[in-house]
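# Breakdown of the fold
The lines below spell out each chain.
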Amino acid sequence: MHNAAKNVMVADYIFTIPGLVLIVLSGGMMTGGMGYSLTGLNWLTLSLGLFAVSGLIWLFILIPMQSKMIRLSADGIEKGTVSAAYHRASRNWTVYGTIATLLPLGILYLMISKGF
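Everything numeric in this text was worked out from a predicted model, so none of it was measured. (Residues numbered from 1 in each chain as written. Predicted model: local features only at pLDDT ≥ 70, side-chain atom pairs only at ≥ 80, totals over all residues. Heavy atoms only, no water.)

## Notes on the packing of aromatic side chains
Note the following rule: Ring geometry is summarised as follows: Phe, Tyr and Trp rings, the Trp one being its six-membered ring, pair when their centres sit within 6.5 Å, and such pairs are stacked at plane angles under 30 degrees, edge-to-face over 60 and tilted between the two. The classification of residues rests on relative accessible area computed with a 1.4 Å probe and restricted to protein chains. Under 20% of the type maximum is buried, over 50% is exposed, and intermediate values are partly exposed. Strands here are runs of E lasting at least two residues and helices are runs of H or I lasting at least four, both read from the DSSP assignment and numbered beginning at the N terminus.
Evaluation of the coordinates by the stated rule reveals two aromatic pairs. With 5.2 Å between their ring centres and 85 degrees between their planes, Y36 and W43 make a pair best called edge-to-face. On the accessibility criterion, W43 (9% relative accessible area) is buried. Arranged with centres 6.4 Å apart and planes meeting at 80 degrees, the rings of W58 and W93 form a pair that is edge-to-face. Placement of the pair is W58 in helix α2 (residues 43-79) and W93 in helix α3 (residues 84-113), with a sequence separation of 35 residues.

## Quick look at unusual backbone geometry
Unlike most non-glycine residues, K114 shows phi in positive territory, near 45 degrees. With respect to the secondary-structure elements, K114 resides in the segment after α3. Among the residues examined, K114 registers a relative accessible area of 38% and is labelled partly exposed.

## Concerning the side chain of S47
Inclusion rule: By the convention used here, residues are in contact when the closest approach between their heavy atoms is within 4.5 Å.
On the secondary structure map, S47 appears in helix α2. Apart from the residues lying within four places of it in its own chain, the contact partners of S47 are I107, L110 and M111.

## Quick look at the packing of α2 against α3
Note the threshold: Orientation is described by axes fitted as lines to C-alpha atoms, over the contacting stretch for helices, and by angles from 0 to 180 degrees between their N-to-C directions. Working definition: roughly parallel below 35 degrees, roughly antiparallel above 145 degrees, roughly perpendicular at 65 to 115 degrees, and oblique for all remaining angles. The sense of a crossing depends on the near helix, which, turned anticlockwise from the far helix by less than a right angle, makes the crossing left-handed and, turned clockwise, makes it right-handed. Polarity classes work like this: nonpolar for Ala, Val, Leu, Ile, Met, Phe, Trp, Tyr, Cys and Pro, charged for Asp, Glu, Lys and Arg, and polar for all others, with Gly in that last group.
Look at α2 against α3: their axes get within 9 Å of each other, and the N-to-C directions meet at 160 degrees. In this view, α2 runs roughly antiparallel relative to α3, as classed from their interaxial angle. Relative to α3, the crossing made by α2 is left-handed. Residues that form the contact of α2 with α3 fall into these classes: 25 nonpolar, seven polar and one charged.

## Re the layout of surface pockets
Applied cut-off: Cavities and pockets are found on a 1 Å grid laid over the protein atoms alone: a cavity is a set of points where a 1.4 Å probe fits but cannot escape, a pocket is an open set with protein on both sides within 12 Å along at least five of seven lines, and a lining residue has an atom within 4 Å of such a point. Grid points are joined across faces, edges and corners, and a volume is the space filled by probe spheres set on the points.
Its volume calculated, the largest pocket comes out at about 410 Å³. If you go around the largest pocket, you meet 18 residues; those closest to its centre are G27, G28, T31, L44 and M111. The set of elements that each furnish at least two residues to the lining of the largest pocket consists of α1 (2-34), α2 and α3. The leading source of residues in the lining of the largest pocket is α1, at eight residues. Counted by class, the lining of the largest pocket contains 12 nonpolar, five polar and one charged residues. L20, I23, F51, S54 and P104 are, among the 13 residues lining the second largest pocket, the residues nearest its centre. Secondary structure elements with two or more residues in the lining of the second largest pocket: α1, α2 and α3.

## Overview of a nonpolar patch on the surface
So the rule is basically this: Residues forming no salt bridge and having over 30% relative accessible area are the ones grouped into patches, like charges within 9 Å of each other and nonpolar side chains (Val, Leu, Ile, Met, Phe, Trp, Tyr) within 5 Å. The protein chains shown are the only cover counted for residues, whose accessible areas, like all others here, come from Shrake-Rupley with a 1.4 Å probe. Every case where a carboxyl oxygen of Asp or Glu lies within 4 Å of a side-chain nitrogen of Lys or Arg is listed as a salt bridge.
A surface patch of nonpolar side chains, amounting to about 370 Å² of accessible area, comprises Y13, I17, V21 and L25. Its place among the elements puts L25 in helix α1.

## Regarding the side chain of S54
In this structure, S54 sits in helix α2. Setting aside residues up to four positions removed in sequence, S54 forms contacts with A100, L103 and P104.

## With respect to the confidence of the model for the chain
The condition that has to hold: pLDDT expresses, on a scale from 0 to 100, how confident the predictor is about each individual residue.
Per-residue confidence for the chain averages 90 on the pLDDT scale, and 100% of its residues sit at or above 70. Of all helices and strands in the chain, the one with the weakest mean pLDDT is α1 (87), whereas α3 scores best (94).

Have a look at this one:
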C-alpha cells in the first residue's frame, strides 16, 4: 500500500498537474480565438466553475490526503499492520476523488452541448 500511495502521488505530479495546465492554456486560447464570452452565466462559465471546484478538491483535499496516506502507510510498514486512520483516509480519498473525477464529465457534457 505504501508504494501504491507514493506512486499515485508521483503520477499526479507527472500527468495530472501538467495536463491541467495544458487544458487551461489551450482552452483559454481556443475560447479567445472563437470569441466566446466569459461574462454572465453560460455553458462556458459554468464549465470553468466546475473545473475550478474539481481543482480545489484536488488541491485542498486529495493531495494532502495522499500525503497523509503515504505517512500512515509508512507507519504501517514499521508496525506490520494498516491502521484504521489509513483506511479512513483511503475511503475519504475515494469519495472526494470520485467527485473530482465526475465533475469533468459534467464539464464535457456542457462543452459538447453548449446548451445555454
